[in-house]
Amino acid sequence: MSHQSFHFNGFTQRPAAIAAIALLLGSMGTSTLPTFANSPSQTQQVRTVYVDSARGSDRPNAGTPTAPFRTITYALEQSNSSTLIQLAPGNYSSQTGESFPLIIKPSVTLRGDEVNQGKSVRIIGGANFISPSFARQNVTIRAENGSKVSGITVTNPNTRGTGLWIESGSPIVMNSTFFNSQREGVFITGNSSPKISNNIFNQNNGNGISAVRSSQGEIRDNLFQNTGFGITINDSASPLVAGNRIIENKDGILISQSAKPILRSNLIEKNVRDGIVAIAKAQPDLGTATSLGENIIRSNGRYDLYNATRTNTIFAIGNQLNKTRTVGPINLTANR
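Overview of the structure. Nothing here was measured: the structure is a model prediction, and the numbers come from that model.

### What about the pattern of salt bridges?
Any two side chains of opposite charge can pair, on the condition that their charged atoms come close.
Okay, step 1: By the definition in use, this model includes 10 salt bridges.
Okay, step 2: The partner of D251 in a salt bridge is R273, with the nearest N and O atoms 2.7 Å apart. With D251 in strand β23 (residues 251–255) and R273 in the loop between β25 (267–269) and β26 (276–278), the pair connects residues that are 22 residues apart, well separated along the chain.
Okay, step 3: The partner of E269 in a salt bridge is R298, and the shortest N-O contact between them spans 2.8 Å. Of the two residues, E269 sits in strand β25 while R298 sits in strand β27 (residues 296–298), which places them 29 residues apart along the sequence.
Okay, step 4: The exposure class of E269 is buried, given its relative accessible area of 12%.

### Description of the sheet that holds strand β9 (residues 148–150)
Two strands in a sheet stick together by hydrogen bonds in their backbones, pointing the same way (parallel) or opposite ways (antiparallel).
Okay, step 1: As summarised here, the arrangement of the 9 strands in space is β1-β2-β5-β9-β12-β15-β18-β21-β24, forming an open sheet in which the pairing is parallel. Each of the sheet's edge strands pairs with one partner strand only, and the pair in question is β1 (47–51) and β24 (262–264). Strand-to-strand twist of the sheet, defined as the mean angle between neighbouring strand axes without regard to direction, takes the value 10°.
Okay, step 2: Across 3 bridges, strand β12 (residues 172–174) lies against strand β15 (residues 195–197) in parallel orientation. In the strand pairing of β15, V173 is matched with I196.

### Comments concerning the packing of aromatic side chains
Okay, step 1: In total, this model carries 8 aromatic pairs according to the counting rule given.
Okay, step 2: With 5.7 Å between their ring centres and 80° between their planes, F129 and W165 make a pair best called edge-to-face. Here W165 lies in strand β11 (residues 161–166) and F129 lies in strand β7 (residues 127–131), a separation of 36 residues in the sequence. We note that F129, like W165, is buried.

### Quick notes on the pairing of strand β2 (residues 83–87)
Okay, step 1: Most of β2 is tucked away, with 5 of its 5 residues classed as buried.
Okay, step 2: The alternating pattern of β2 places T83, I85 and L87 on one face and L84 and Q86 on the opposite face, and all of these are buried.
Okay, step 3: Where β1 meets β2, 5 bridges bridge the pair, whose relative direction is parallel. Its bridge partner lying in β2, R47 is registered against T83.

Cut-offs used in this document
- Residues numbered from 1 in each chain as written.
- Predicted model: local features only at pLDDT ≥ 70, side-chain atom pairs only at ≥ 80, totals over all residues.
- Heavy atoms only, no water.
- Salt bridge = Lys/Arg side-chain N within 4 Å of Asp/Glu carboxyl O.
- Helix = DSSP H or I, 4+ residues; strand = E, 2+ residues; numbered from the N terminus.
- Buried < 20%, exposed > 50% of the residue type's maximum accessible area, 1.4 Å probe, protein only.
- Pairing = 2+ DSSP bridges.
- Axes fitted to C-alpha atoms, helices over the stretch in contact; angles between N-to-C directions.
- Phe/Tyr/Trp six-rings, centres within 6.5 Å; stacked < 30°, edge-to-face > 60°.

Such coordinate-based values are descriptive only and should not be taken to indicate function.
See below:
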């Protein structure tokens, strides 16, 4: 985003010019006064630093296109609010000097190749940290409130390794790939409310995304394929899950405890076992008379929709869903 600024210091010795400017501003009225990008009350101008694991160097005064930093770790140490960290193609791992987990500070953007969803920018590794809500974890990246992650591939090969951890605030995760982590691609917990869109989740041993505790946010327009469970939603989590393709996983979506996600316009098909499973006291919203689900749920190995809660009726109005492929109390029509 470009910022336009106005400089008056050139008029310090020209009283006539100052008077003319004052007259012009006065004629505009207070409601149309221009804003000044460098004013403390305005958004800070974005500072871009560059990182290249092959040809960079972690030294002061580097971080430019011609003299990039070598590690994301060092770039993050030099970053502050409104910093964009631009990654060159390559691998970023402990072998190239990275120290995990990488913590993306508030208002900091970590960006690689957005066009190809991070295919050429690979972050591989992880390390332990103590989660306020989930004890010790092994994580590649932690995204703080207001941060943004885009255009990277993330893999955590460690035992029970998670690619990206989100615990608070509303970070944005987009145009990236979460591949071959030993547990899940993204873990959402606490009271966080992230926006996770247009990503690929593939071959993660546990889940593509896990959403737990009282987390909310949006999981939108992603591909979950050939991973463990596409999405698991637990505790009292209630994210919006919309426009995703959830195909060829062990199960499509597992919803448990008292979770209440809203599912709209998803394609859930060809999963090995079930398309959607609800257990315990889960109460997913798959569509109502006033807000149709518009999900396509079909061709899954066992059931397309399995309500195993025993006590809750699942509302699933306005979907492409065959009644004969469902189990448990399910309301498929608005007038029932």
